[in-house]
Amino acid sequence: MKKVDDVLWYERVGDMAFIDKVYLCGPPKANKPNPTAMGADNPLKFWSYVFIPKSIDPSKKYPLIVFAHSGVHSDFTTYYAHIIRELMAQEYIVVAAEYRGSTGYGSSYYQNIDYGGLENQDVYASRNYMVENYSCVDKDRIGIMGWSHGGMITLMNLCTYPGEYKCGFAGVPVCDVIARMGYATDNYRKIFSDHIGKTARNNIAEYKRRSPVWNAEKLKDPVLIHTNTSDDDVNVVEVEHMIRALKAYGKKFDYQIFQEAPGGHSFDRIDTKEATEIRYSIYKYLEKYLKPSHPFKSQRDMRRAAYRFN
């Protein structure tokens, strides 16, 4: 399935973008079955997608978007094709890491998940790779964005690496793993207590370390946060907790709480007119800080970029 979807990227975005897939290194595994085994401390290797607009002038500099995919165990698929098309039309360069725990690369890679931990460093490593290897990337115009678990990674990167990003967007982000364990199903709680090694009750400090809300005081760069009261995955109370924490620390950020927006958890990623309007507002926010060379002038221009026959 992963290989088929990789081919679909060229079909769905290839008219607008040069597409590559590169093999990078992140930190060593978080959990080592045999710490003394040969290669136990080797960096973990992972893939990242690179999208470069075909319209750019290679001798000039362009803003970079670091895109963290959603889903704890998921991957970067053509589910995001319309969004990549929108970014290409504005002449953003994009990198999207298949951080540890992503699906499509076998059980070993799947089991290397480090929820709220080293996956953040994988995404940051993809950012650094682009700066170091692509002369057309402007190191002073780097943004990060993601939804759901990708929103969590966005917030954690902004809090962990202040000054390394110009701005960010976090859509329906997981914000407080402790609170999440309170309203999640028993099966969900078991997955993460098994992964982390202990339940939230038995190791609150570790769950705090992996939660954006408990790192809010470290935020230095502007971020836009969206949430939806009808979200059936990330309860709005988690995001409200993050919003209150950022306000308490006097941080510079923007947010919007959407009321019963159609689409639930994916309300601004779907293909509806309302979702287009919301994404347009996201791009206008990023535009203020990243200054893309071809910002959208209207929502109609945006839909023409995302959907070929609009």
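Let us look at the structure shown here. Note that this is a predicted model, so its numbers are computed, not measured.

## Section: the overall build of the protein
For the protein, the helix and strand inventory stands at 11 helices and eight strands. Here the C-alpha radius of gyration of the protein, 19 Å, is about what a compact globule of 310 residues would show, namely 19 Å. When its C-alpha atoms are laid out on the principal axes, the protein stretches across 50 × 50 × 35 Å. When each of the 310 residues of the protein is scored for burial, the buried share is 57%.

## Observations concerning the sheet that holds strand β6 (residues 167–171)
Reading across the sheet, the eight strands line up as β1-β2-β4-β3-β5-β6-β7-β8 and stay open at both edges, with mixed pairing between neighbours. Edge positions in the sheet fall to β1 (17–25) and β8 (253–258), since each of these pairs with one other strand and no more. Adjacent strand axes in the sheet meet at a mean angle of 15°, parallel and antiparallel pairs treated alike. Taken together, the five bridges between strand β5 (residues 137–147) and β6 define a ladder with parallel strand orientation. Across the sheet, residue Gly143 finds its bridge partner in β6, namely Cys167. Contacts between helix α5 (residues 149–160) and the sheet are confined to β3 (62–68), β5, β6 and β7 (223–228), with β5 contributing the most and set at about 140° to the helix.

## Brief notes about the state of the cysteines
One pass over the structure, following the stated rule, counts zero disulfides. Sulfur of Cys159: no disulfide; nearest cysteine sulfur belongs to Cys175 and is 9.7 Å away.

About the cut-offs
Residues numbered from 1 in each chain as written. Predicted model: local features only at pLDDT ≥ 70, side-chain atom pairs only at ≥ 80, totals over all residues. Heavy atoms only, no water. Helix = DSSP H or I, 4+ residues; strand = E, 2+ residues; numbered from the N terminus. Rg over C-alpha atoms; globule rule 2.2 N^0.38 Å. Buried < 20%, exposed > 50% of the residue type's maximum accessible area, 1.4 Å probe, protein only. Pairing = 2+ DSSP bridges. Axes fitted to C-alpha atoms, helices over the stretch in contact; angles between N-to-C directions. Contact = heavy atoms within 4.5 Å. Disulfide = S-S within 2.5 Å.

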